[in-house]
Amino acid sequence: MSLTKTDSLYQKSYFNRITELKEYAPEAFRTFFAFNDKALAEGNLSVKLKELIAVAVAHITGCPYCIDLHVGNAKKNNADKEEVTEAIFVATALKAGLAVAHGVNALNAFDEEEKDELYKASYFNRLTEFGDIDAGTFKAFAAFDHKSIKAGKLSEKEKELIAVASAHTTGCPYCIDLHTKNAKKTGSSLEEISEAIFVAAALKAGSAVAHSVNALNAFDES
């Protein structure tokens, strides 16, 4: 049984409607895509690495249009399937790591700590307590997290830049602190880190813009 347009919420062809936004919000459309194009252009980071960062971020935002577009772009810029996969696993580790990292706040809450400050870098030190509470699960997560960031087809520097972008997408302050410092240790300059952050910004905003084609469909069907 074939799906009707109403039943199928995501089809590649729907993404073609995105240019219609130019008619309804021309200046916002123009300025956003000027930013998007600049963020993903060659700079201190190659287009290939920026597209791999975009792939990782798209898997965190969960935008199917962005995944389809940027995996294709990464491939066009000579990224292979192994590199794309490694970028996805960095994103996976950072998205899972967001929940684990915020667990230190849960420990504070459970222990009824009388602290007005909800986020302090020192709170992250409580993370190892999960190893005492649920040793097997914590050890399994730590092993995956450690493996995902180690050099493979992508270098550790490249993976840390992907992690920085991913951390800015998840909004985890502990992850931003950790992976920005790690990126610096692996040789990234502040210019490279900044470019990675702007790719994340473009993709996080871009997922909202991309989903607008579903809004256009919904508006036309109502």
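How each quantity is defined
Residues numbered from 1 in each chain as written. Predicted model: local features only at pLDDT ≥ 70, side-chain atom pairs only at ≥ 80, totals over all residues. Heavy atoms only, no water. Helix = DSSP H or I, 4+ residues; strand = E, 2+ residues; numbered from the N terminus. Contact = heavy atoms within 4.5 Å. Areas by Shrake-Rupley, 256 points an atom, 1.4 Å probe, with all protein chains shown as cover. Lys, Arg positive; Asp, Glu negative; His and termini not counted. Charge placed at Lys NZ, Arg CZ, Asp CG, Glu CD. 1 Å grid on protein atoms, 1.4 Å probe; cavity = no way out; pocket = protein on both sides within 12 Å on 5 of 7 lines; lining within 4 Å. Points joined across faces, edges and corners; volume = space filled by probe spheres on them. Nonpolar A, V, L, I, M, F, W, Y, C, P; charged D, E, K, R; others polar. Salt bridge = Lys/Arg side-chain N within 4 Å of Asp/Glu carboxyl O. Buried < 20%, exposed > 50% of the residue type's maximum accessible area, 1.4 Å probe, protein only. Phe/Tyr/Trp six-rings, centres within 6.5 Å; stacked < 30°, edge-to-face > 60°.

(A) Broad picture of the overall build of the protein. Of the regular secondary structure elements, the protein holds 11 helices and 0 strands. Overall, the protein shows an N-to-C arrangement of helices and strands of α-α-α-α-α-α-α-α-α-α-α. Based on the C-alpha atoms only, the size of the protein along its principal axes is roughly 55 × 40 × 40 Å. For the protein, contacts bridging at least 24 residues in sequence account for 70% of all contacts bridging at least 6. As displayed, the protein has an accessible area near 12400 Å², and 59% of this comes from carbon and sulfur atoms. Here the protein contributes 25 positive and 31 negative side-chain charges, whose respective centroids are spaced 5 Å apart.

(B) Focus on the layout of surface pockets. In this structure, the largest pocket encloses a volume near 310 Å³. Around the largest pocket, the lining is made up of 20 residues, and of these Phe-124, Phe-141, Asp-145, Leu-178 and His-179 lie nearest the centre. Sorting the residues of the lining of the largest pocket by element identifies helix H5 (81-110), helix H7 (135-149), helix H8 (156-170) and helix H9 (173-185) as the ones contributing at least two each. At 7 residues, the largest contribution of residues to the lining of the largest pocket is made by H7. For the lining of the largest pocket, the residue count by class is 12 nonpolar, 4 polar and 4 charged. Taken as a whole, the second largest pocket encloses approximately 240 Å³ of empty space. Phe-15, Phe-33, Asn-36, Leu-69 and His-70 are the residues nearest the centre of the second largest pocket, which is lined by 15 residues in total. When residues of the lining of the second largest pocket are traced back to their parent elements, those giving at least two are helix H2 (26-39), helix H4 (64-76) and helix H10 (190-210). Ranked by the residues each element gives to the lining of the second largest pocket, the list is headed by H10, at 5 residues.

(C) Examining the pattern of salt bridges more closely. Counted according to the given criterion, the structure contains 13 salt bridges. Among the salt bridges present, the one from Asp-177 reaches Lys-181, with a minimum N-O distance of 3.2 Å. Of the two residues, Asp-177 and Lys-181 both sit in helix H9, 4 residues apart, roughly one turn of that helix. Classification of Asp-177 by relative accessible area gives partly exposed; the value is 36%. Since its relative accessible area comes to 48%, Lys-181 is described here as partly exposed. Salt bridges sharing partners connect three or more residues here, namely Arg-17, Glu-20 and Asp-220.

(D) Geometry of the side chain of Asn-108. By the secondary structure assignment, Asn-108 is in helix H5. Judged by its relative accessible area of 8%, Asn-108 falls in the buried class. With residues up to four places along the chain from it excluded, the contact list for Asn-108 reads Glu-113, Lys-115, Tyr-123 and Arg-126.

(E) The arrangement of the packing of aromatic side chains in detail. Tallied over the entire structure, the rule returns 9 aromatic pairs. Aromatic pair Tyr-10 and Tyr-65: ring centres 5.3 Å apart, planes at 50°, arrangement tilted. Of this pair, Tyr-10 sits in the segment before helix H1 (21-24) while Tyr-65 is found in helix H4, placing the two residues 55 residues apart along the sequence. The class for Tyr-10 is partly exposed, based on a relative accessible area of 41%. The buried category is assigned to Tyr-65, whose relative accessible area is 6%. Between Phe-15 and Tyr-65, the aromatic rings sit 5.5 Å apart at their centres with planes inclined by 25°, giving stacked as the arrangement. Of the two residues, Phe-15 is situated in the segment before H1 and Tyr-65 in helix H4; the sequence distance between them amounts to 50 residues. An aromatic cluster of three or more residues is present, and its members are Phe-29, Phe-32, Phe-33, Phe-35 and Phe-198.

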